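# Topology and contacts: notes
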Amino acid sequence: MHKLGILLSGRGSNFLAIADAVASGRIPDAQIAIVISNLAAAPGLAAACERGLNAIAIETNRRKRAEHDQEIIATLKAHNVDLVCLAGYMRLLSPGFIQAFPQRILNIHPSLLPAFPGLDAQTQAFEYGVQVTGCTVHFVDEQLDHGAIILQRSVSVLPTDDPHTLATRILDQEHIAYSEAIARVLSGTYRIVGRRYLPKSQP
Ligand code: GAR
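Notes on the structure in this doc start here.

Reading the values: rules and limits
Residues numbered from 1 in each chain as written. Predicted model: local features only at pLDDT ≥ 70, side-chain atom pairs only at ≥ 80, totals over all residues. Heavy atoms only, no water. Salt bridge = Lys/Arg side-chain N within 4 Å of Asp/Glu carboxyl O. Helix = DSSP H or I, 4+ residues; strand = E, 2+ residues; numbered from the N terminus. Buried < 20%, exposed > 50% of the residue type's maximum accessible area, 1.4 Å probe, protein only. Near = heavy atom within 4 Å. Polar contact = N/O pair within 3.5 Å; in protein donor to acceptor, adjacent residues only side chain to side chain. Areas by Shrake-Rupley, 256 points an atom, 1.4 Å probe, with all protein chains shown as cover. Nonpolar A, V, L, I, M, F, W, Y, C, P; charged D, E, K, R; others polar. Contact = heavy atoms within 4.5 Å. Phe/Tyr/Trp six-rings, centres within 6.5 Å; stacked < 30°, edge-to-face > 60°. Disulfide = S-S within 2.5 Å. Core = buried A, V, L, I, M, F, W, Y, C linked by side-chain atoms within 4.5 Å.

## Re the pattern of salt bridges
Any two side chains of opposite charge can pair, so long as their charged atoms come close to each other. Summed over the entire model, instances satisfying the criterion amount to 4 salt bridges. With a closest N to O distance of 3.6 Å, Arg153 and Glu180 form a salt bridge. Of this pair, Arg153 sits in strand β7 (residues 149–156) while Glu180 sits in helix α6 (residues 163–187), placing them 27 residues apart in sequence. Taking the shortest distance from any N to any O, the salt bridge between Arg169 and Asp161 comes out at 2.8 Å. A relative accessible area of 9% means that Asp161 is categorised as buried.

## What about the site of the ligand?
Taken together, 13 residues sit near the ligand, with Arg11, Gly12, Ser13, Asn14 and Glu174 positioned nearest. Between the ligand and Arg11, the relevant distance is 2.6 Å, taken from an oxygen atom to a side-chain nitrogen or oxygen of the residue. Side-chain polar atom of Glu174 to an oxygen atom of the ligand: 2.6 Å apart, as the coordinates give it. In the complex, the protein chains occlude 89% of the 450 Å² of accessible area that the ligand would expose alone. For the shell around the ligand, the secondary-structure elements that each account for two or more residues are α1 (13–23), β5 (105–109) and α6. Residue classes in the shell around the ligand are distributed as 4 nonpolar, 6 polar and 3 charged.

## As for unusual backbone geometry
Note the cis peptide between Leu113 and Pro114, where omega equals 10°. In this model, Arg62 sits at a positive phi of 60°, which is unusual for a non-glycine residue. You can see Arg62 is positioned in the loop between β3 (55–57) and α3 (65–78). The phi dihedral of Asp120 falls on the positive side, at around 55°, and the residue is not glycine. Tracing the backbone through its elements, the reader meets Asp120 in the loop between β5 and α5 (121–128).

## Structural notes on the environment of Ile182
Among the structural elements, Ile182 can be located in helix α6. Taking the C-alpha atoms as reference, Ile182 lies 31 Å from Asn61; in sequence the two are 121 residues apart. Setting aside anything within four residues of it in sequence, one finds Ile182 in contact with Leu4, Ile18, Ile27, Leu83, Cys85 and Leu106.

## Points about the packing of aromatic side chains
Under the defined criterion, the tally for this structure stands at 4 aromatic pairs. Each member of the aromatic cluster is reached from another via a ring pair, and the members are Phe139, Tyr190 and Tyr197.

## Concerning the state of the cysteines
Across all of its chains, the model carries 0 disulfides by this definition. With no disulfide of its own, Cys49 lies closest to Cys85 among cysteine sulfurs, the gap being 18 Å. On the accessibility criterion, Cys49 (45% relative accessible area) is partly exposed. No disulfide involves Cys85; its sulfur sits 14 Å from the nearest other cysteine sulfur, which is in Cys135.

## Looking at the nonpolar core
Grouped together as the largest cluster of nonpolar side chains are 39 residues, with contacts concentrated most on Phe15 and Ile182. With 8 residues, the top contributor of residues to this core is α6. Listed in part, the 18 residues of the second largest apolar core include Ala33, Ile72, Ile73 and Tyr89.

## A look at the environment of Leu86
Looking at the element boundaries, Leu86 is found in strand β4 (residues 83–86). Looking at Leu86, the relative accessible area reads 4%, which means it is buried. Distance in space between the C-alpha atoms of Leu86 and Ser9 is 9.2 Å, their sequence separation being 77 residues. When neighbours within four sequence positions are excluded, Leu86 is seen to be in contact with Leu7, Leu93, Ile105, Leu106, Asn107, Ile108, Val140 and Tyr178.

That is the geometry; function is a separate question.
Written out as structure tokens, the structure reads:
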């Protein structure tokens, strides 16, 4: 049984989509072992509690990033987590965190990377005037929104859109993409070649 650790900071809609996918078997042979938020008031944390999942806040309390991360790592390891999913976790990870889970940390970002990394990617894309944007699930490495891409889904920008309507349609695609990407990683049938994520059957 694969054990997922979810990290979030806010609303938690991606976490809930993952939880639904686990419950319905769309992410096979997996369970959510622990949900951790850096903010005690995150609605996603309350939602996790309501679902009866292990859910805790680990706040920074003015500690240095590496020290805060060590407590999170220890908690994930204590729950035997083998895949960490960042779901709206709005903090950079320290190098020690990434080394503790090599190629076992995923993130979702609301643009087609490498376009529009960083905060408020949907508004960045809207204001730039792109006609197609979307979302990306990728491995986390030591650079922001940078690791190898697992899966992307595209969304057309409509003439009638504003940043909010666009973000809503991207979010619908995020909820599909994240679970598909997790299932793909856990299947063990893909590997990273350079920056590409390819089926192992590919010569
Ligand atoms: C999502 O749109 C996610 O892609 C984004 O935060 C939102 C969290 O929503 N993450 C980033 O921008 C990370 N760079 P949620 O809490 O409802 O899942």
